[in-house]
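# Coordinates in review
Residue strings, one per chain:
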Amino acid sequence: LSEVTPGDLSVSFFTNGGAEANENAIKLARMVTGRHKIIARYRSYHGATGQVMGTLKYMAPEQFRGLKEIDLRADVYALGIMLYQMLAGRVPFSGSDFELGLAHVQYAPPDPRQFAPDLPESLVELLEYALAKDPEARPADANVLGRLVEQAFQALEEEPPRAPALPVIEEPTD
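Notes on the structure in this doc start here.

Calculation notes
Residues numbered from 1 in each chain as written. Predicted model: local features only at pLDDT ≥ 70, side-chain atom pairs only at ≥ 80, totals over all residues. Heavy atoms only, no water. Helix = DSSP H or I, 4+ residues; strand = E, 2+ residues; numbered from the N terminus. Contact = heavy atoms within 4.5 Å. Axes fitted to C-alpha atoms, helices over the stretch in contact; angles between N-to-C directions. Parallel < 35°, antiparallel > 145°, perpendicular 65-115°, else oblique. Nonpolar A, V, L, I, M, F, W, Y, C, P; charged D, E, K, R; others polar. Buried < 20%, exposed > 50% of the residue type's maximum accessible area, 1.4 Å probe, protein only. Arc of directions from axis to C-beta. Left-handed = near helix turned anticlockwise from the far one by under 90°. Core = buried A, V, L, I, M, F, W, Y, C linked by side-chain atoms within 4.5 Å. Salt bridge = Lys/Arg side-chain N within 4 Å of Asp/Glu carboxyl O.

## Comments concerning the overall build of the chain
Across its full length, the chain holds 6 helices and 0 strands. Along the chain direction, N to C, the helices and strands of the chain fall in the order α-α-α-α-α-α. Long-range contacts, defined as pairs at least 24 residues apart, comprise 68% of the intrachain contacts of the chain with a sequence gap of at least 6.

Spelled out as structure tokens, the structure:
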């Protein structure tokens, strides 16, 4: 049994955002659209014993629920977690095994703009689409997600550059 995790991709994750993160997201989009031959395939993530198999940080809600048949949309969810990690500098959920399972099944990921304030709304919406709790509400497979990611970044490249948000510095009071 296998799954999609960052270790499966030769992409560096940058926590400082900016052009490096955008370049890596474009590389990920190209990889999942097949240019680097990442091929998603239908598979079951549960062994004969019914134990959940996978890396908890990247597992889809349906894997935690113990469904017998898991389809390509579980890979889409894992890729969505990796894209979130590249854009926000961290995975959306952390904690104990129990806390991770509960979060993936019940809670919406934190708004990635908490960690990357300049993230465009179009990318936030793309993350929400890829990380939908219901597999039926996600892109059908990694190829569809890859095309959407590539389109989103191409659209951003066409937009005029905008100044990054600067922190507010308070004047010292005497």
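## Considerations on the packing of helix α5 (residues 121-130) against helix α6 (residues 142-158)
Where α5 contacts α6, the axes come no closer than 10 Å and their chain directions differ by 175°. Relative to α6, the element α5 is oriented roughly antiparallel. Across the interface between the two elements, S122, L123, L126, Y129 and A130 of α5 pack against L145, L148, V149, A152, F153 and L156 of α6. When grouped by side-chain class, the residues that make up the contact of α5 with α6 number 10 nonpolar, 1 polar and no charged.

## Some thoughts on α5
Burial in α5 covers these residues: L123, V124, L126, L127 and A130. Down the axis of α5, the smallest arc covering the buried residues is 160°, so these residues share one side. Buried residues in α5 make contact with α3 (73-88) and α6.

## Thoughts on the packing of α3 against α6
Two numbers describe how α3 lies on α6: the axes approach to 9 Å, and their chain directions differ by 25°. Between α3 and α6, the angle falls in the class roughly parallel. Crossing of α3 against α6: the hand is right-handed. Between α3, through V76, L79, G80, L83 and L87, and α6, the contact on the second element is made entirely by A142, L145, V149 and F153. Broken down by class, the residue content of the contact of α3 with α6 amounts to 8 nonpolar, 1 polar and no charged.

## Structural notes on the nonpolar core
One finds L83, L87, L119, L123, L126 and L145 to be the most contacted residues of the largest nonpolar core, which totals 33 residues. Contributing elements (two or more residues each) for this core: α3, α4 (97-106), α5 and α6. No other element matches α3, which puts 12 residues into this core.

## Considering the pattern of salt bridges
All told, the structure shown has 5 salt bridges when counted by the stated rule. R138 is paired through a salt bridge with E62; the nearest N and O atoms lie 2.8 Å apart. Here E62 lies in helix α2 (residues 61-64) and R138 lies in the loop between α5 and α6, a separation of 76 residues in the sequence. Here E62 falls in the buried class, since its relative accessible area comes to 2%. As a salt-bridge pair, R73 and E136 come within 3.5 Å of each other at their nearest N and O atoms. Taken together, the positions of R73 in helix α3 and E136 in the loop between α5 and α6 put the pair 63 residues apart, joining distant regions of the chain. Accessibility expressed as a relative area gives 60% for E136, which makes it exposed.

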